[in-house]
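For reference, the chains in residue letters:
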Amino acid sequence: MNALHVHPHEESAERRWSRFKPIRSGEDYISSLRNRGTDLYLFGEKVAEPVDHPIIRPSINALAMTYDLALEDPDLATAHSELIDAPVNRFLHIVGSPNDLVMKNRMQRRMGQLTGTCFQRCAGLDTVSVLHSLTWDIDAAHGTSYHQRYLEFMRHAQANNIVIGAGMTDPKGDRSKRPSEQADPDMFMHVTRRTEHGIYVRGAKAHMTGGWNSHWIAVMPTMNLGPGDKDYAVVGLVPVDAAGLTFIYGRQSCDTRAMESGKIDQGNARFGGQEALVVFDDVFIPHEHVLMDGEYTFAQLMVSRFTSYHRASYVCKTGLGDVMVGAAAAIAEYNGVDQASHVKDKLVEMTHLNETIYSSAIASSHEAKQLASGIFMNDEMLANVCKHNVTRFPYEISRLAQDLAGGLMVTLPSEQEFESEVTGPILRKYLQGRANVPIEHRQRMLRLIENMTLGRNAVGYLTESLHGAGSPQAQRIQIQRQMDVEKKKKYAQNLAGIGEESGN
Ligand code: SF4
């Protein structure tokens, strides 16, 4: 039987790759998403061509910027791949040194400055590194051949410059129960059937960042698993247009402003984030794209490695923090209060908080250690400290930005009011700030601060900062596991002259 024609529903790995061709620019990327025939639902209706939908397009533009940045600043956003012996987009690069992690953090901050939102490509980037070491470790323990499959997949992924999305979070159902104990087994993704050519999986991945905007989705377990959960211990790579996938788009505050006329009230008309519920209804994965099937003892290791990489990736929020500091400084200037000492002090406080996040992420990358497979993983404690800072500081930075913006941020009439013959002149007269600043600049800056602290991109700047890559308690648990209080007690006892080390 020809490899391209195994079974109508069991599409081969080769056939899946045959639909791709190398992507270079943001424009190529946007074209690559067209005509995929996917099932994406928004407001209860199937969206015929998501690329052209005004609510969805800003999220696509944000991801497209990852391609354009690689062209504009290759030192920052590309790296040399030993796998294909060519430069590749840094979002697909396998981490070969601590410096690769530092460069990743710098690129993420830059992307945050350029888009002011979640650019959705980092969970996939971190998954690429996790799967390198994980497949290596499983093969070493079980004699499997997952690592070769992984390398083969990555050769195609890098050569075609695709977007890989990370499908990790299961709906979880009753959280007091393990996957195999759930009343509905689909609350966690699991294997439903194994055939000669591959496996079928069923379940869903919740609030998946950039779910539809990806080309391929890496599905992975979301938590540690036990012997009864073997069918849930599955890692696989699935193209977004595979049969059986349904995408249900997550709403964001103020999202319908993108459907109104005008561009000012959106606050950030070009860029936005994307989260989707992705449902897998008996989706086929050929053996070549299965990277774990039943090796449940490795689920915990996979999750902890992923969170270590990804928690330091939340340095992305410092780029958004840079935008917030800039917006707060600009609105203070437009309001005519930029010379007040308390205003300057608030900007210093915002910067201090933002740079504290950055320093923990960069430190985590510099402290990276090599794993058995040869790649590097950043320091886990510092990655957790970084993400924990991210759960708090953007809220305080936002509070200070709102403080400097003033109440007009939430009472400003609509863009259409400013254009009206009746209300426009009245608004321009009474809402003028400093005389030489056009009223439209004030409008735009207030809308941007609203967008990032209360509106659509508050999803990316605030709530995602709180819950993405694990809610605050998840980091506290990791910090507690690693803080080694007993060792620190000994330092203190030694100096206080207590116990053996002191000689007393
Ligand atoms: Fe990247 Fe930040 Fe979005 Fe995560 S939240 S995908 S790290 S931009």
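Just above sits the structure.
Please read these numbers as outputs of a predicted model, since none were measured by experiment.

So, how was this worked out
- All residue numbers here refer to positions counted from 1 along the written sequence of the relevant chain.
- Per-residue local features of the predicted model are confined to residues with pLDDT of at least 70, and side-chain atom pairs are confined, for both listing and counting, to 80 or more; whole-chain, interface and lining totals are unaffected and use all residues.
- For side-chain calculations, the full set of non-hydrogen atoms in the structure is used, while hydrogens and water are omitted.
- Only DSSP runs of H or I reaching four residues or more are called helices, and only runs of E reaching two or more are called strands; each is numbered from the N terminus.
- Each radius of gyration reported is based on C-alpha atoms, and the globular scaling rule is 2.2 Å times the count of residues to the power 0.38.
- Burial status follows relative accessibility: with a 1.4 Å probe on protein chains alone, a residue under 20% of its type maximum counts as buried, one over 50% as exposed, and anything between as partly exposed.
- For this analysis, residues touch if any pair of their heavy atoms sits within 4.5 Å.
- We get accessible surface area from the Shrake-Rupley algorithm with a probe of 1.4 Å; when it comes to residues, only the shown protein chains can shield them.
- This count recognises Lys and Arg as positive and Asp and Glu as negative, with His and chain-terminal groups excluded.
- Where a charge lies is defined by one atom per residue type: Lys uses NZ, Arg uses CZ, Asp uses CG and Glu uses CD.
- Think of it this way: a Phe, Tyr or Trp ring, Trp meaning its six-membered ring, pairs with another when their centres are within 6.5 Å, and the plane angle makes it stacked under 30 degrees, edge-to-face over 60, tilted otherwise.
- Sitting over a ring, as applied to charges here, requires NZ of Lys or CZ of Arg to be within 6 Å of the ring centre and within 35 degrees of the ring normal.
- Proximity criterion: a residue is near a molecule or strand once any of its heavy atoms comes within 4 Å of it.
- Three residue categories are used. Nonpolar comprises Ala, Val, Leu, Ile, Met, Phe, Trp, Tyr, Cys and Pro, charged comprises Asp, Glu, Lys and Arg, and polar comprises the others, including Gly.
- Only when DSSP finds a minimum of two bridges between them are two strands counted as paired.
- Axis geometry follows a simple rule: fit a line to the C-alpha atoms, using only the stretch in contact for helices, then measure angles between N-to-C directions, giving values from 0 to 180 degrees.
- Just so you know how the angles are binned, under 35 degrees is roughly parallel, over 145 roughly antiparallel, 65 to 115 roughly perpendicular, and the rest oblique.
- In this scheme, a crossing is called left-handed if the near helix is turned counterclockwise away from the far one by less than a right angle; it is called right-handed if the turn is clockwise.
- Salt bridges are defined by distance alone: a side-chain nitrogen of Lys or Arg within 4 Å of a carboxyl oxygen of Asp or Glu.
- Here, two cysteine sulfur atoms that lie within 2.5 Å of each other are counted as a disulfide.
- Put simply, a patch holds well-exposed residues, over 30% relative accessible area, that have no salt bridge, with like charges counted together within 9 Å and Val, Leu, Ile, Met, Phe, Trp or Tyr side chains within 5 Å.
- Side-chain atoms within 4.5 Å are what join buried Ala, Val, Leu, Ile, Met, Phe, Trp, Tyr and Cys residues into a set we call a nonpolar core.

1. Side note on the overall build of the chain
- Helices and strands together make up the secondary structure of the chain, namely 18 helices and 14 strands.
- For 504 residues, the compact-globule estimate of 2.2 N^0.38 gives 23 Å, and the chain sits close to it at 24 Å.
- Taken across its 504 residues, the chain has 55% of its residues classed as buried.
- In the chain, of all internal contacts separated by at least 6 residues, the share reaching a separation of at least 24 is 77%.
- Surface summary for the chain: the accessible area is close to 21300 Å², and the carbon and sulfur share equals 52%.
- Each charge sign in the chain was given a centre, from 52 positive and 60 negative side chains, and these centres are 3 Å apart.

2. Some details on the packing of aromatic side chains
- All told, the structure shown has eight aromatic pairs when counted by the stated rule.
- What links up through ring pairs into an aromatic cluster is the set Trp17, Phe20, Phe153 and Trp216.
- Its guanidinium or amino end placed over the ring of tyrosine 67, arginine 121 lies 4.4 Å from that ring's centre, counting from NZ or CZ.
- One cation-aromatic arrangement involves arginine 193 over tyrosine 200; the distance from NZ or CZ to the ring centre is 4.1 Å.

3. What to know about the site of the ligand
- Contacts to the ligand come from Cys118, Phe119, Gln120, Cys122, His310, Ser313, Tyr314, Cys316, Lys317 and Glu464.
- Contributions of two or more residues to the shell around the ligand are made by helix H8 (299-313) and helix H9 (316-335).
- Residues that form the shell around the ligand fall into these classes: five nonpolar, three polar and two charged.

4. Some words on the sheet that holds strand S11 (residues 275-286)
- Taken in spatial order, the six strands make up an open sheet running S2-S1-S10-S11-S7-S6, and their pairing is mixed. Both edges of this open sheet fall to strand S2 (45-46) and strand S6 (190-194), since each of them pairs with a single strand only.
- Bridge analysis of strand S1 (residues 39-42) against S2 gives two bridges, and the strand direction is antiparallel. Its bridge partner lying in S2, leucine 42 is registered against glutamate 45.

5. Side note on the packing of H8 against helix H11 (residues 380-405)
- The contact between H8 and H11 brings their axes to 8 Å, and the two run at 55°. When the axis of H8 is compared with that of H11, the two are oblique. In this structure, the crossing between H8 and H11 has a hand that is left-handed. Touching Ser304, Ser308, Arg311 and Ala312 of H8 are Glu380, Ala383, Asn384, Cys386 and Lys387, all from H11.
- Across the contact of H8 with H11, the residue classes tally to three nonpolar, three polar and three charged.

6. Section: the sheet that holds strand S9 (residues 234-239)
- In spatial order, the strands read S5-S8-S9-S12; together these four strands make up an open sheet with mixed pairing. Each edge of the open sheet is held by one strand with a lone partner, namely strand S5 (164-167) and strand S12 (290-293). Pairwise comparison of adjacent strand axes, ignoring direction, gives a mean angle of 25° for this sheet.
- Pairing of S5 with strand S8 (residues 216-219) involves four bridges; the strand directions are parallel. Its bridge partner being in S8, glycine 167 is matched across the sheet by valine 219.

7. Notes on the pattern of salt bridges
- Here the structure, examined in full by the defined rule, presents 29 salt bridges.
- For the salt bridge of aspartate 322 with arginine 109, the shortest nitrogen-to-oxygen distance reads 2.8 Å. Remark: arginine 109 occurs in helix H5 (residues 98-115) and aspartate 322 occurs in helix H9; sequence separation between them is 213 residues.
- According to the relative accessible area criterion, arginine 109 is buried, its value standing at 10%.
- Of the charged contacts in the structure, one is a salt bridge between aspartate 403 and lysine 346, with a shortest N-O distance of 3.2 Å.

8. Quick word on the environment of isoleucine 397
- Considering the arrangement of structural elements, one finds isoleucine 397 in helix H11.
- As a C-alpha pair, isoleucine 397 and lysine 346 span 51 residues in sequence and 9.0 Å in three-dimensional space.
- Filtering out sequence-adjacent residues up to four positions away, isoleucine 397 remains in contact with Met324, Met350, Leu353, Asn354 and Tyr461.

9. Digging into the state of the cysteines
- Under the defined criterion, the tally for this structure stands at zero disulfides.
- Cysteine 118 supplies the cysteine sulfur nearest to cysteine 254, a cysteine that is in no disulfide, at a spacing of 18 Å.

10. A short note on a nonpolar patch on the surface
- A cluster of nonpolar side chains, Tyr41, Ile248 and Leu277, forms an exposed patch at the surface whose accessible area comes to about 220 Å².
- The class for tyrosine 41 is partly exposed, based on a relative accessible area of 31%.

11. Things to note about the environment of alanine 183
- Turning to its location among the elements, alanine 183 is positioned in the loop between S5 and S6.
- Residue alanine 183 is classed as exposed on the basis of its relative accessible area of 86%.
- Residues alanine 183 and glycine 173, 10 residues apart in the sequence, show an inter-C-alpha distance of 8.4 Å.

12. Things to note about unusual backbone geometry
- Phi angles above zero are rare outside glycine, and lysine 172 is one such case at about 75°.
- Along the chain, lysine 172 turns up in the loop between S5 and S6.
- One non-glycine residue with positive phi stands out, namely histidine 207, at about 25°.
- Within the secondary structure, histidine 207 is located in strand S7 (residues 198-209).
- Here histidine 207 falls in the exposed class, since its relative accessible area comes to 56%.

13. With respect to the nonpolar core
- Met324, Ile331, Met350, Leu431, Met445, Leu446 and Ile449 are the most contacted members of the largest nonpolar core, which has 46 residues in total.
- Contributing elements (two or more residues each) for this core: H9, helix H10 (341-366), H11, helix H12 (408-411), helix H15 (439-453) and helix H16 (458-467).
- Broken down by element, the residue count for this core peaks at 10 residues, all from H9.
- Beyond its immediate stretch of four places on either side in the chain, leucine 431 contacts Leu408, Leu412, Pro413, Phe418, Ile439 and Arg442.
- By size, the runner-up hydrophobic cluster in this structure holds 44 residues, among which are Val95, Met302, Ala368 and Ile375.

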